[in-house]
Amino acid sequence: MSKVMSTKEAISKFVNPGDFLFIGGYICRTPFAAIHEIIRQNKNNLTITRSNAADDFDMMIGAGLVKRFIGTFLSLGIYGLGRCYRRSMEKSIPHKIEVEEYTNLSLPMMLMAGAMGMPFVPVKDMVGTDLLNVRSFMGENKYKMIDSPFDGKPILLVPALTPDVAIIHVQQADEDGNAQMWGIGGDCRVGANAAGKVIVSCERIVSREIIGKDPSRTIVPSFKVVAVTEEPFGAHPGYTPGFYDVDFGYGYQYQQASNSVEGFDNFLKEWVFDIQDRKAYTQHYIQRFGYEMFRKLQAGFDYSYPVSYAY
Amino acid sequence: MTKHSNEYIKPELMACCGAREIRDNNVVIVGTGFPAMSANIAKHTHAPNCILMQESGVVDARPKRPALSVGDPCLNPGAAMVGNLLDIMGMFLQAGWVDIGFLSGSQVDKFGNINTTCIGNYENPKSRLPGSGGANPIGALAKKTLIIALHDKKHLAEKVDFITTPGYIDGSGSRERWGLPANTGPECIITNKAVLKFDKKTGETFLESYHPGNSVEDILENTPWELKVSGYVYETKPPTGEELRVLHEILDPHHMIAIYEKRGYV
């Protein structure tokens, strides 16, 4: 059964205000087309999670859609601190979000536990630090410290996370939702599989037969997927290995714009609210920065030896 | 550009100090900037078989341009393995395979605890910083952690505002009491003025060496606690000709490391 639909339809149908969302990406394959659609549709009151959050989370926070953030880190990479995140935390603009702080070990472990149907998971980090002294909306359930029933030594337990919806961007998927990804993984695989529903945004839709030519690359099988959206250039200004490079120039523009509330609002107007969909976004990008710049971001070709699964 | 007598800048010296802590065959988690530079100097000089990895999932990358983040696209092609966060942070780091981790912090204290969460009170921060990311698990679980910091009373503190990443916590025996693995913890703090090492009995830093052009007095003056001085304190060895050649010809031909001078590493 084909689950192919527009991003507009997917977000409208499967993301509700108040949902708990996992949003994949690690500069690599950020599902920006879907994020812009969430902002356009004003799906607010959200709880969002991912290890190493970046400009996409900053933008959702600035747009006022985020109530809670289960995170480890949020920055604009080489462009420094997340401006909207700071304004939220330091000045309550547009409002102060509630943050539960973990790490790039414990958070993916919690998503793994969620994906595996485990209630919690032991981790070896976080102990001895102030990360254990701050609790927000998860309260006593942020973590538990116990003596291990096996060797009696203290061990930290952190709870499983089971987001309502995961939104990921991958290189290719078939129309049923078998999603294939390559390159830096971040916590995309566990995050997607921890969620009750997965929205797969992809650079290209391929046939089931193509999926079967290299099935080891599938990170989410179709039965977990509720929607497939084809969004070429859908991760920009992040990158997609084999398709296009990260756009540092645009990253700088976002930093400059988001330095002030007014600049941020203008940025959203230009790149989100006045834009209908990713196709219009790409056209606007080319008009604004020139085809040469767009062309420059496109990846070259450097193929592996063909893979064979024959027996 | 502040050139020193034999044509190096402070960030290059600091990168070399880091490189010298790496042994051949070490497994090293690096970020970007001069931790990556440090590890690559080691790899191109005395530690050709060390393996560098990025927390995002990459092992033994062969980037054709300097990576600007641990998720940079240039880390993908040519790597020995591209996996995910759990591969690196779980399978390798938590399972005890990582020898060296590099960290920097907005605030570092005398026990090597690092703050990357907030300046001021947590609930109403003066400055909200990015948070732990991979820093906490690296500081908790790598056998040796090398810390990079600016040497002044703002960036060094007797006690950090928030312990994001554990050093020796409250000092002697704290890591063990919290159940952190044996034989892990900070190895040194490399600043723009000095190398501080740790007294493993007390968990406190002491002055190991002062960089050329920096005096012990100047260092004590700019340290916000009573810094102990090693009985054998010496001048940091400047970069060797070979280290500089590797830096200038192979690793950093465009001299990108100079941006750290603008950030105060002089």
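The structure contained in this document is the topic of the report that follows. (Residues numbered from 1 in each chain as written. Chains lettered and ligands numbered in written order. Predicted model: local features only at pLDDT ≥ 70, side-chain atom pairs only at ≥ 80, totals over all residues. Heavy atoms only, no water.)

**Description of the packing of helix H3 (residues 55-62) of chain A against helix H4 (residues 83-91) of chain A**
Residues and elements named next belong to chain A.
Link 1 in the chain: At a minimum axis separation of 7 Å, H3 and H4 run at an interaxial angle of 45°. With respect to their mutual orientation, H3 and H4 come out oblique. Viewed along their axes, H3 and H4 form a crossing whose handedness is left-handed. Residues Asp-58, Ile-61 and Gly-62 of H3 touch H4, and the partners they reach there are Arg-83, Cys-84, Tyr-85 and Ser-88.
Link 2 in the chain: For the contact of H3 with H4, a count of residues per class yields three nonpolar, two polar and two charged. (Axes fitted to C-alpha atoms, helices over the stretch in contact; angles between N-to-C directions. Helix = DSSP H or I, 4+ residues; strand = E, 2+ residues; numbered from the N terminus. Parallel < 35°, antiparallel > 145°, perpendicular 65-115°, else oblique. Left-handed = near helix turned anticlockwise from the far one by under 90°. Contact = heavy atoms within 4.5 Å. Nonpolar A, V, L, I, M, F, W, Y, C, P; charged D, E, K, R; others polar.)

**Quick word on the packing of aromatic side chains**
Working definition: an aromatic ring pair is given by the centre-to-centre distance plus the angle between the planes.
Residues and elements named next belong to chain A.
Link 1 in the chain: Here the structure, examined in full by the defined rule, presents 23 aromatic pairs over all chains.
Link 2 in the chain: Between Tyr-250 and Trp-271, the ring centres sit 5.0 Å apart and the planes meet at 80°, which makes this aromatic pair edge-to-face. Note that Tyr-250 is positioned in helix H8 (residues 248-258) and Trp-271 in helix H9 (residues 261-273), a separation of 21 residues in sequence. Just as Tyr-250 is buried, Trp-271 falls in that class too.
Link 3 in the chain: Measuring from ring centre to ring centre gives 6.4 Å for Tyr-250 and Phe-289, while their planes differ by 75°; the resulting arrangement is edge-to-face. Here Tyr-250 is found in helix H8, whereas its partner Phe-289 is found in helix H10 (residues 278-289), with 39 residues between them in sequence.
Link 4 in the chain: What makes Phe-289 partly exposed here is its relative accessible area of 26%.
Link 5 in the chain: Here the aromatic residues Phe-233, Tyr-244, Tyr-250, Tyr-254, Phe-264, Phe-267, Trp-271, Tyr-281, Tyr-285, Phe-289, Tyr-291 and Phe-294 are joined through ring pairs into a cluster of three or more. (Phe/Tyr/Trp six-rings, centres within 6.5 Å; stacked < 30°, edge-to-face > 60°. Buried < 20%, exposed > 50% of the residue type's maximum accessible area, 1.4 Å probe, protein only.)

**A short note on unusual backbone geometry**
Link 1 in the chain: With an omega of -10°, the peptide bond between A:Ile93 and A:Pro94 qualifies as cis.
Link 2 in the chain: Within the secondary structure, A:Pro94 sits in the loop between H4 and strand S4 (98-101).
Link 3 in the chain: Here A:His236 and A:Pro237 are connected by a cis peptide whose omega angle stands at 10°.
Link 4 in the chain: One can find A:Pro237 in the loop between strand S12 (225-230) and H8.
Link 5 in the chain: For A:Asn52, which is not glycine, the phi torsion reads 50° and is therefore positive.
Link 6 in the chain: Turning to its location among the elements, A:Asn52 is positioned in the loop between strand S2 (46-49) and H3.
Link 7 in the chain: Given a relative accessible area of 13%, A:Asn52 falls into the buried group.
Link 8 in the chain: Residue B:Ile169 is not a glycine yet carries a positive backbone phi of 55°.
Link 9 in the chain: Within the element layout of this structure, B:Ile169 appears in the loop between strand S11 (156-157) and helix H5 (174-177).
Link 10 in the chain: Its relative accessible area of 4% is what places B:Ile169 among the buried residues.

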